[in-house]
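Commentary on secondary and tertiary structure
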Amino acid sequence: MKTLVDNATIVNEGRTFNGYLIVEDDKIVEIGEVAKPPSAFYDLNIDASGCYVLPGVIDTHVHFREPGLTHKADIESESRAAAYGGVTSFFDMPNTLPQTTTFEALDDKFTRAARSSHVNYSFFFGATNDNVDDIKLLDKHKIPGVKLFMGSSTGNMLVDEDEALKRIFKNAALPIVAHCEDTGIINDNMALAGKKWGEDPPVDLHPFVRSANACLASSKRAVSLARQYGARLHLAHVSTADELALLDSTHNETIPLITFEAVIAHLLFSEEDYASLGGEIKCNPAIKTRRDRDALRMALSDGKIFTVATDHAPHLPNEKKGGCRKAASGMPMVQFSLPCMLQLVDEGVLSLEKMVELMCHHPAMLFDVDGRGFIRQGYKADLVVVRKDAPWTVTKDIIQSKCGWSPLEGRRFDWRVEQTLCNGRMVYDRGRFHEEARGDAISFRSNR
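Residues numbered from 1 in each chain as written. Predicted model: local features only at pLDDT ≥ 70, side-chain atom pairs only at ≥ 80, totals over all residues. Heavy atoms only, no water.

Broken down by element type, the protein chain carries 13 helices and 20 strands. In terms of overall dimensions, the protein chain is globule-like: its C-alpha atoms have a radius of gyration of 21 Å, near the 22 Å expected for 448 residues. When its C-alpha atoms are laid out on the principal axes, the protein chain stretches across 75 × 45 × 45 Å. Residues counted as buried form 62% of the 448 residues belonging to the protein chain. Sequence separation of 24 or more characterises 74% of the internal contacts of the protein chain that already satisfy a separation of 6 or more. Accessible area for the protein chain stands at about 16,600 Å²; split by element, carbon and sulfur atoms hold 47% of it. Both charge centroids of the protein chain, one from 52 positive and one from 62 negative side chains, sit 2 Å from each other. (Helix = DSSP H or I, 4+ residues; strand = E, 2+ residues; numbered from the N terminus. Rg over C-alpha atoms; globule rule 2.2 N^0.38 Å. Buried < 20%, exposed > 50% of the residue type's maximum accessible area, 1.4 Å probe, protein only. Contact = heavy atoms within 4.5 Å. Areas by Shrake-Rupley, 256 points an atom, 1.4 Å probe, with all protein chains shown as cover. Lys, Arg positive; Asp, Glu negative; His and termini not counted. Charge placed at Lys NZ, Arg CZ, Asp CG, Glu CD.)

Next comes the structure, spelled out in structure tokens:
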């Protein structure tokens, strides 16, 4: 199949230029910077007049809930939401049922995704106190890295033994993606809140319970271990200004040894939003102060934040009711992450080119994704077409996530995702979804 994307404003590798793209089957075969493409027969002609063409977003932090938690989400529903939002690849986290902490559980996820995912996929392997020897045997071409919970209530996935932590950082040949919150500090804070407010303190106390100190203490430890053992550490969902100070942004490496991730919730909301949204914006780590939010926004451009993801984590509405203890933590975001970031571009928080770097280029570079994340000749044709000045509002009827709600309901956006192509195939086209579309397992380069 031969496809022409014509009359496009292309954003790629720090440049914005007018031109066209020619796609054959699943790959980009020509990138033109002239107004008129070569005359030829095309099976599909996409007129991108008035639109921007970006690489497909690579969301490196999602929880699609399959297997075991499919009452709230599954790979089919959430990959459909991804396609609606211009996300063409996702990396899923291991805290499902069963947890992805064995080779058998990992293989099962790939089998499920091959059957039902509408976009490209891969899966993290979860570290525990007991599976360090398995981590040494992981296939570097198949998965992006190892997920490490250094805090948080995640059953036996909480790695809290010193020797296990040291062995993971010493022996992991893949990037370690760490969730850092100090469990002891969290438990002490919850006990203090409980004395005054009872068993389930109000949800607006969540940033007190899962405090900035809890994040900073755990993040300091992870950074120290990474430096001690020379491990590649990607600190997930950084939520505080103080954590940003742990990183020297004056590095000279293309990909630093230690990198930070920001997620949409911490860039969009502050603790002031608990008053109107309550448990809908409860997540771990907690959304904190406006100062923290603004520091994270600034770090998008100063080099301290290396990737932007969603931590997409659906729950049913009734599971989000309650306070600090009872309301489930997490929210669905994968369908709306790109419009959210484009809105921040319009607000002057970062440039359009930097946004593409954080959501497309850097995720591919950090995890050594093979042939994706850039608009380059010979690369997979994962593309998203977006239109500016096309206002729309988030309403319940357009939400694709199985949980059926969003904390963004009622919010107006000025950028619209028009079309999403995955491996050269149209998956989403201006409200029409191609149900038969299937993504591919992501491969990772051999020289990792």
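What follows continues from the structure just given.
Now for unusual backbone geometry. Between Glu-66 and the following residue, Pro-67, the backbone shows a cis peptide bond with an omega angle of 5 degrees. The residue Pro-67 is located in the loop between strand S6 (57-62) and helix H1 (75-84) in this model. Note that the residue after Leu-97, namely Pro-98, is joined by a cis bond; omega there is 0 degrees. Residue position: Pro-98 is located in the loop between strand S7 (87-92) and helix H2 (103-116). Phi at Asn-7 is positive, roughly 55 degrees, even though this residue is not glycine. Along the chain, Asn-7 turns up in strand S1 (residues 2-12).

Counted under the stated rule, the structure contains zero disulfides. Here Cys-180 is not disulfide-linked; the sulfur of Cys-215 is the nearest cysteine sulfur, at 8.7 Å. We note that Cys-340 lacks a disulfide partner, and the nearest cysteine sulfur, in Cys-283, lies 13 Å from it. (Disulfide = S-S within 2.5 Å.)

Now for the environment of Ile-281. Within the secondary structure, Ile-281 sits in the loop between helix H10 (274-277) and helix H11 (290-302). Through-space distance from the C-alpha of Ile-281 to that of Met-331 is 6.7 Å; in sequence the pair is 50 residues apart. With near-sequence residues (within four places) excluded, Ile-281 lies in contact with Phe-269, Ser-270, Asp-273, Tyr-274, Ile-287, Met-331 and Pro-407.

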